[in-house]
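# Summary of structural features
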Amino acid sequence: MNIYLNITLGLIKIFFLFSMLFLGIKKYVLLKRDFTFIFDAIIRKYFEYFSLLILVLFATIYTGFYDGIVVSIIMAIIVLGDYLKVTNPYYFVSKFKERFKFRLIDLVKNLEKNQFSIKSIFTGYFNFKNRKNIYILYSIAFLLGLIILISFYFIRYDHYLFSPSWFEVLEMINAKDDQKWFTTSIKSEGIYAFINYISHVTNSSPEITIYIYSVFQLLIVVFFIFWIVVKITKSQIIIPVFVSLFYILGFTYLPVNITNFYQSSSMHLAFTLVFPIMIYTMNPESLPYSKWERFVRFLIAFLALGLLDFYILFFVLPFFFVINSIIYISKTNLSRLILIGVYLLSIIVLLLMYSHFLDGFSESISVFFKRNLIAVELYFYNPYMSISVDRLLFYYQIIFISGFFVNILFAILFFKKWKKKMVFFLFTLVIYLLTQINYIWIDNDLLLRMLSILIPIQTGIVISIFFDLFKIIFKKEYYKSYRVIVVVVVTVLIFGALQRKQISIEKEEYEVLNEEVLSANEKILRNYLDRSYMVVNKEEFIDLSSGNRFFMSYKEFMHEKYLKQDNLYAKYIGNNKYLHKHPNIVMPSSVLVFVYDEKFSKDVERKWLLYRINYLKSIGRPVREIYQSKYLKVFEIINKSNSSYVTEMVF
């Protein structure tokens, strides 16, 4: 199966998984006329459920009960309990029965009155008479579809697949199935637990799930960028769409490493919690929670953030809290003080927890902090940028500072709402200034990745400020819903024209080969019974699907010892008693040999492999070609028929 199809199917499954968010949203919210109200409700439920999911993953792995089904059942109970508004778990069953009977009786009544309609379920959610709602919905759908297309296109630039960092990530993902939260050292590994969980719920291999998650992280970040721009600028379509397209298409004008486009980033996932924290901190009264509920939910969110990316929680968020406290000093109240207190409490809890695990690894807390300050696997490299990154950031700051002063002017002369914009201005400025400090424990690559998310948002804020200025000077409204089409078309054409030369680069041959190896590996995983076959491949691929099959290097396969074992197994294959006494001669039911094109293998090695395969065929071993591509062939040597290939076993 093509890896693009696998990624697409995985994303569709994730979409249905995230549709569970709607279960926690009351019907009156779904029937609300204002689309942004629904948007806020979805973000709020994501904020709650995703934070809980990370803690559930940690708890189940730490206690040794982790499994995709177990976590899914726990989360389903939590979502259902939230939907039923169960505050006491003791009454969960009775509440469920009561609500089920009520819904069933209501359904029967509607059927008797001939009032029930499947169409009404879908058409009642949004007021489609409101043209603005239609544009917002279509804008988001267009952006998500465009992201998937762009993601597939960027595979041609990918240098990440099968790199040492890729195999390290794969090891950490697989470790979660062995009930290990930490692998070789103590660091934030929540992202790898989440990827492992995605692998379970989408029924995808960990190797393909790395791709699926990479596209998903881009989808979810754009969704949150769209939302936070709406919340800060109050523009519902034009500016959010432009900012989202800038983030997706402006890769030559952002400090982003597109050669490692598919590298799993805990920072992107962490920002899906950071953005709601920012908005809720600036306006805590917007949350429909009591003080106790706010305390619990923010504590869970901060703990989840610490498990995902301790760097963001401990080293980045304090800058935001300080800036926010200064700007909103006149509105400091108990709600904001409680939130700061919850943040400090979460830091204490996480430090105690990490200290406990550090004792088991014989590491000090200082080593832990240094490891989280520096991301060794992360580096910035974008050969397709039009100008140097330092000059690019300098130009951005000039634009942002001009917007900063216009925003102050609005605050003084027109009493416009300016505080949220000011907080974001100063926060982005602080991150930029940190990149200018030459200090060994300040990782510029991490900060640049952060700026690649913040710069498009800040650009949108500046545009909204100048749009407001235009409206005041010319006494005209700049917003019309239908103009979103013009914005989309013009933005895509501009970025396409600016990057025409950069986006016409062909794939390297080794990148094509890597895709073929991954595709062949996925085909084998889909069609062969686990632990019934052995893969013969280069030693660098020993960790590929290591939990599902046996592995043999080329050197071992071409050794005379292999032929001896093969002859003995063929001789006694029907003598189970003998094989039970001599398990050392037992062979897997199938041996799958990867043979590479002469461009990617030593000439002598390739000839010996083909010679060994032909020899085994000549002495009666069934041999067939199960995969063929431009640079790769995979042969199956059948030691025991109808015992490995699932289709043959069933039919």
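Here we summarise the structure given alongside this text. (Residues numbered from 1 in each chain as written. Predicted model: local features only at pLDDT ≥ 70, side-chain atom pairs only at ≥ 80, totals over all residues. Heavy atoms only, no water.)

Attention now goes to the overall build of the protein. When you go through the protein residue by residue, the secondary structure sums to 26 helices and five strands. Every one of the 651 residues in the protein was classed for burial, and the buried ones make up 52%. Of all intrachain contacts in the protein linking residues separated by at least 6 positions in sequence, the fraction that spans at least 24 positions is 75%. Summed over all atoms, the accessible surface of the protein reaches about 31100 Å², with 64% contributed by carbon and sulfur. (Helix = DSSP H or I, 4+ residues; strand = E, 2+ residues; numbered from the N terminus. Buried < 20%, exposed > 50% of the residue type's maximum accessible area, 1.4 Å probe, protein only. Contact = heavy atoms within 4.5 Å. Areas by Shrake-Rupley, 256 points an atom, 1.4 Å probe, with all protein chains shown as cover.)

This next bit is on unusual backbone geometry. Even without being a glycine, Arg531 presents a positive backbone phi close to 65°. Here Arg531 lies in the loop between helix H21 (509-527) and strand E1 (533-537). With relative accessibility at 42%, the residue Arg531 sits in the partly exposed group.

What follows covers the environment of Phe319. With respect to the helices and strands, Phe319 occurs in helix H14 (residues 310-327). For Phe319, a relative accessible area of 33% corresponds to the partly exposed category. As for Phe319 and Leu426, which are separated by 107 residues in sequence, their C-alpha atoms are 9.3 Å apart. Discounting residues that sit within four places of it in the chain, Phe319 has contacts with Phe427, Val430 and Leu434.

We now examine the packing of helix H23 (residues 560-572) against helix H25 (residues 603-618). As a packed pair, H23 and H25 sit with axes 13 Å apart at the nearest point and diverge in direction by 20°. One element, H23, and the other, H25, form an angle in the roughly parallel class. Both H23 and H25 take part in a crossing whose hand is right-handed. Side by side, H23 and H25 meet where Glu560, Tyr562, Leu563 and Asp566 of the first sit next to Arg612, Tyr615 and Leu616 of the second. Of the residues assigned to the contact of H23 with H25, the class counts are four nonpolar, no polar and three charged. (Axes fitted to C-alpha atoms, helices over the stretch in contact; angles between N-to-C directions. Parallel < 35°, antiparallel > 145°, perpendicular 65-115°, else oblique. Left-handed = near helix turned anticlockwise from the far one by under 90°. Nonpolar A, V, L, I, M, F, W, Y, C, P; charged D, E, K, R; others polar.)

Another point: the pattern of salt bridges. Pairing between side chains of opposite charge can happen when their charged atoms approach one another. Tallying each qualifying case throughout the model produces nine salt bridges. Ionic pairing is found between Asp566 and Arg621, a salt bridge with its closest N-O pair at 2.8 Å. Taken together, the residues span a long stretch of sequence, with Asp566 in helix H23 and Arg621 in the loop between H25 and strand E4 (623-628) at a distance of 55 residues. Residue classification places Asp566 among the buried positions, given a relative accessible area of 1%. Take Arg621: its relative accessible area is 13%, and that puts it in the buried class. (Salt bridge = Lys/Arg side-chain N within 4 Å of Asp/Glu carboxyl O.)

End to end, helix H15 (residues 334-360) covers 40 Å across 27 residues, agreeing with the expected 39 Å (1.5 Å per residue, within 8%). The set of residues buried in H15 consists of Ser335, Arg336, Leu339, Val342, Tyr343, Ser346, Ile347, Leu350, Met353, Tyr354, Phe357 and Leu358. (Expected span 1.5 Å × (residues − 1).)

Turning our attention to the pairing of strand E3 (residues 590-596). Most of E3 sits inside the fold, with seven of its seven residues counted as buried. Examined bridge by bridge, E1 and E3 share four bridges and lie parallel to one another. Opposite Val536, over in E3, you have Val593 as the bridge partner. Across seven bridges, E3 lies against strand E5 (residues 632-638) in antiparallel orientation. Each residue of the ladder has a partner; that of Phe594, found in E5, is Val634. (Pairing = 2+ DSSP bridges.)

What follows concerns the environment of Trp292. Tracing the chain through its elements places Trp292 in helix H13 (residues 291-308). Accessibility expressed as a relative area gives 60% for Trp292, which makes it exposed.

The nonpolar side chains of soluble globular proteins are, as a tendency, buried together. By size, the foremost hydrophobic cluster in this structure holds 198 residues, and its most contacted members are Leu57, Phe194, Phe275, Phe302, Ile312, Met450 and Phe557. Sort the elements by how many residues they give to this core and helix H10 (residues 206-233) lands first, with 21 residues. (Core = buried A, V, L, I, M, F, W, Y, C linked by side-chain atoms within 4.5 Å.)

This brings us to the packing of helix H12 (residues 266-282) against helix H18 (residues 419-435). For the pair H12 and H18, interaxial distance at closest approach is 11 Å and the crossing angle is 135°. By the angle class used here, H12 and H18 are oblique. Read as a crossing pair, H12 and H18 show a hand that is right-handed. From H12, Phe275, Met278 and Met282 reach across to H18, where they touch Lys420, Val423, Phe424 and Phe427. Taken together, the residues that form the contact of H12 with H18 break down as six nonpolar, no polar and one charged.

A few words on the packing of aromatic side chains. For the coordinates displayed, the defined rule picks out 43 aromatic pairs. Ring geometry for Trp166 versus Phe167: centroids 5.1 Å apart, planes at 90°, classification edge-to-face. Across the pair, exposure class does not vary: Trp166 and Phe167 are buried alike. For the ring pair Phe224 and Trp227, a centre distance of 6.4 Å and an interplane angle of 80° mean the geometry is edge-to-face. Of this pair, Phe224 and Trp227 are both found in helix H10, three residues apart, which corresponds to roughly one turn of the helix. Each member of the pair, Phe224 as well as Trp227, carries the same accessibility label: buried. Above the ring of Phe550, the side-chain terminus of Arg531 is found at 4.5 Å from the ring centroid. Seen from the ring of Tyr645, Arg624 lies directly overhead, with NZ or CZ sitting 5.5 Å from the centre. (Phe/Tyr/Trp six-rings, centres within 6.5 Å; stacked < 30°, edge-to-face > 60°. Lys NZ or Arg CZ within 6 Å of the ring centre and 35° of its normal.)

Within helix H16 (residues 365-373), the full set of buried residues consists of Phe368, Phe369, Asn372 and Leu373. Seen from one end, H16 has its buried residues packed into an arc of 135°, which puts them on one side. (Arc of directions from axis to C-beta.)

Everything listed is a geometric property; what it means functionally is a separate question.
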